[in-house]
Amino acid sequence: MVKMTLIARVTDGLPLAEGLDDGRDLPDSDMYKQQVKALFKNLSRGQNDASRMSVETGPYIFHYIIEGRVCYLTMCDRSYPKKLAFQYLEDLKNEFERVNGPNIETAARPYAFIKFDTFIQKTKKLYQDTRTQRNISKLNDELYEVHQIMTRNVQEVLGVGEKLDQVSQMSSRLTLESREYADKAKDLNRQALIRKWAPVAIVLGVVFLLFWVKTKLW
């Protein structure tokens, strides 16, 4: 059964639309939505290059497709047929591109296409019962295959992002420390120059002062 549906722009992870009643009766729905946001964040960084993937999380599984810089994602029970889940996403993709295609890149606020929820709910109802003749026909459609779509664990997928975050933080910290070291080195060099030339400057100043006094007396 389809539990949750979200659509986001891949380039920056901006959420564009979602099923408004998704996850209301779902235990830990907030946790799963946070995982979805983390997945979108990873995708916006160019991680997980696959345009179609399934990601296992607890008793559920995320399925997503990426087309035209947009990610269409749904969360289903693990027992829900993978082929139906991806055909459901294909239906959403085709309609979303048809209705909102020209405006996707210029959308500036989250959930700019929230009215697409109407189509999400209507389409989700068609896919909920796997025993209908319509869905049985889709399951038997040999032209649509999903065997080659990779399945991974959510911790594995998000762990890649966390490790990259750590590397990025370490790199930023090293850059900051290098700048601080360079500034301290400049200060030390300046102090060394002052210590080296200060006596000379004092002597020259005294000589100049004596010369000036002598010229005034004469």
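Residues numbered from 1 in each chain as written. Predicted model: local features only at pLDDT ≥ 70, side-chain atom pairs only at ≥ 80, totals over all residues. Heavy atoms only, no water.

As named in an unreviewed UniProt entry, the protein is 25.3 kDa vesicle transport protein, taken from Camelina sativa. The annotation that UniProt attaches to the protein under Sequence similarities (unreviewed entry) is "Belongs to the synaptobrevin family." (UniProt positions renumbered as here; feature names shortened; annotations may be inferred.)

*Asks:* Would you take a moment to explain the packing of aromatic side chains for this structure?
*Replies:* The relative placement of two aromatic rings is captured by the distance of their centres and the angle of their planes. Within the structure shown, the criterion is met by six aromatic pairs. Here the aromatic rings of Tyr72 and Phe96 are separated by 5.9 Å at their centres, their planes lie at 80°, and the arrangement is edge-to-face. Of this pair, Tyr72 sits in strand 5 (residues 70-77) while Phe96 sits in helix 2 (residues 82-100), placing them 24 residues apart in sequence. With respect to class, Tyr72 is no different from Phe96; both count as buried. Aromatic side chains Phe96 and Phe113 sit 5.5 Å apart centroid to centroid with 90° between the ring planes, which places their arrangement in the edge-to-face category. Residue Phe96 is found in helix 2, and its partner Phe113 is found in the loop between helix 2 and helix 3 (117-128); the two are separated by 17 residues along the sequence. (Phe/Tyr/Trp six-rings, centres within 6.5 Å; stacked < 30°, edge-to-face > 60°. Helix = DSSP H or I, 4+ residues; strand = E, 2+ residues; numbered from the N terminus. Buried < 20%, exposed > 50% of the residue type's maximum accessible area, 1.4 Å probe, protein only.)

*Asks:* Looking at this structure, I do not really get a nonpolar patch on the surface. What am I missing?
*Replies:* Among the surface-exposed residues, Leu193, Trp197, Val200 and Leu204 lie close enough to one another that they form a single nonpolar patch of about 410 Å² accessible area. Tracing the chain through its elements places Leu204 in helix 5 (residues 154-217). Residue class for Leu204 comes out exposed when judged on its relative accessible area of 56%. (Patch = residues over 30% accessible without salt bridge, like charges linked within 9 Å, V, L, I, M, F, W, Y side chains within 5 Å. Areas by Shrake-Rupley, 256 points an atom, 1.4 Å probe, with all protein chains shown as cover. Salt bridge = Lys/Arg side-chain N within 4 Å of Asp/Glu carboxyl O.)

*Asks:* Help me understand the pairing of strand 4 (residues 60-67), please; the structure alone is not making it clear to me.
*Replies:* The side chains of a regular strand alternate between the sheet's two faces. The buried fraction of strand 4 is high, at seven of eight residues. Direction of pairing for strand 3 (residues 52-57) relative to strand 4: antiparallel, over a ladder of six bridges. By the bridge assignment for strand 4, Val55 is matched with Phe62. Taken together, strand 3 and the strand that follows it, strand 4, pair antiparallel across an intervening segment of two residues, in which Gly58 is found at a positive phi of about 60°. Taken together, the eight bridges between strand 4 and strand 5 define a ladder with antiparallel strand orientation. Pairing of Glu67 across the sheet is with Val70, part of strand 5. (Pairing = 2+ DSSP bridges.)

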